[in-house]
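The primary structure of each chain is shown beneath.
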Amino acid sequence: MNLAREAIELLGQVAQILWFEGTKHGMRDREWMALRFLSRANRFSRTPSALASYVGTTRGTASFIIGELERLGYLERKRSAKDKRSVMLSVTLQGKKFLARDPVNGLVEAIAVLEEDSKIRLRDILRHVLDQADAAEQRHHTDVCKRCIFLREDRTSSENKTAEFTCRLFRAPIAETEVDLLCTSYEHHRQ
Ligand code: SF4
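All values reported here derive from a predicted model rather than from experimental measurement.

Caption draft 1: Quick peek at the packing of aromatic side chains. Tallying each qualifying case throughout the model produces four aromatic pairs. With a centroid separation of 5.0 Å and 10 degrees between ring planes, the pair formed by Trp32 and Phe98 is classed as stacked. Here Phe98 lies in helix H5 (residues 93-98) and Trp32 lies in helix H2 (residues 29-38), a separation of 66 residues in the sequence. Each member of the pair Trp32 and Phe98 is classed as buried. Considering the side-chain rings of Phe37 and Tyr54, the 4.1 Å spacing of their centres and the 15 degrees angle between planes classify their relative orientation as stacked. Of this pair, Phe37 sits in helix H2 while Tyr54 sits in helix H3 (residues 48-55), and the two are 17 residues apart along the sequence. What makes Phe37 buried here is its relative accessible area of 1%. Look at Tyr54 and you get partly exposed, because its relative accessible area is 28%. Within the aromatic cluster, the residues linked to one another by ring pairs are Trp32, Tyr74 and Phe98. Here Lys24 stacks its cationic end above the ring of Phe20, 4.7 Å away from the centre of that ring.

Encoded structure:
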């Protein structure tokens, strides 16, 4: 139990690097979180409501964050061609470049130098912790599409060896390049 508590105390201190007072490179922690998320989110999650859910805030606060990122030239919103009431958010090229100054890059680099096995174990341990918290608190965390219970692999073409997928929740095709992207509607397999 002591080791578990020690690990959580360390995680809490890592969180202090993610959540900070004031601004870094002109942006607050929530704006950094939003830009980071939108650069990795799939098309179903690049919406104001999905952003609000990911950041853990109200729609009003999410709109404010979106407005700030737009004002800085890091984000643009487009009306959906299918449904004019829906908005799709996209990180601009300038926004992608600005992510090179993300305050969490130091943490990413500290993990990147670990052995491959250690990186996989660290990622899997964090997932285990989140999966357990989801089960205990009746919630679900955001994760990559390829682990989701709603993803169905349809077939693998023998000619070009590319897999084809369908999302059973959104009833939409998913390209192989999209399965590593983040989705706020992700649902993990429960034992
Ligand atoms: S399969 Fe799951 S993670 Fe992927 S788009 Fe559908 S709901 Fe999201």
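Caption draft 2: Region of interest: the environment of Pro103. Take Pro103: it is sitting in the loop between H5 and helix H6 (105-112). On the basis of relative accessibility, which here comes to 19%, the residue Pro103 falls in the buried class. Considering only alpha carbons, one finds Pro103 and Ser63, 40 residues apart in sequence, at a separation of 22 Å. When neighbours within four sequence positions are excluded, Pro103 is seen to be in contact with Ile17, Phe20, Lys24 and Trp32.

Caption draft 3: Summary view of the side chain of Thr184. You can see Thr184 is positioned in the segment after strand S7 (182-183). For Thr184, the residues in contact, after removing those within four places along its chain, are Phe37, Ser45, Ala50, Ser53, Tyr54, His140 and Thr142.

Caption draft 4: Representation of the layout of surface pockets. Taken as a whole, the largest pocket spans an internal volume of roughly 2,400 Å³. Along its surface, the largest pocket is lined by 44 residues, and Leu18, Tyr54, Ile111, Leu126 and Leu130 are the ones closest to its centre. Partitioning the lining of the largest pocket into residue classes produces 27 nonpolar, six polar and 11 charged. Inspection of the lining of the largest pocket shows a minimum of three residues originating in each of domain 1 (2-107) and domain 2 (114-183). Its boundaries defined by the atoms lining it, the second largest pocket holds a volume of some 320 Å³. Residue lining of the second largest pocket: Arg43, Phe44, Thr47, Pro48, Ser80, Ala81, Lys82, Arg85, Ser86, Val87 and Met88, and that is the complete set. Each residue belonging to the lining of the second largest pocket can be placed in one class, and the counts come to five nonpolar, three polar and three charged.

Definitions and cut-offs
- Residues numbered from 1 in each chain as written.
- Predicted model: local features only at pLDDT ≥ 70, side-chain atom pairs only at ≥ 80, totals over all residues.
- Heavy atoms only, no water.
- Phe/Tyr/Trp six-rings, centres within 6.5 Å; stacked < 30°, edge-to-face > 60°.
- Helix = DSSP H or I, 4+ residues; strand = E, 2+ residues; numbered from the N terminus.
- Buried < 20%, exposed > 50% of the residue type's maximum accessible area, 1.4 Å probe, protein only.
- Lys NZ or Arg CZ within 6 Å of the ring centre and 35° of its normal.
- Contact = heavy atoms within 4.5 Å.
- 1 Å grid on protein atoms, 1.4 Å probe; cavity = no way out; pocket = protein on both sides within 12 Å on 5 of 7 lines; lining within 4 Å.
- Points joined across faces, edges and corners; volume = space filled by probe spheres on them.
- Nonpolar A, V, L, I, M, F, W, Y, C, P; charged D, E, K, R; others polar.
- Domains from an automatic or database assignment.

Fair warning: the whole summary comes from geometry, so function is off the table for now.
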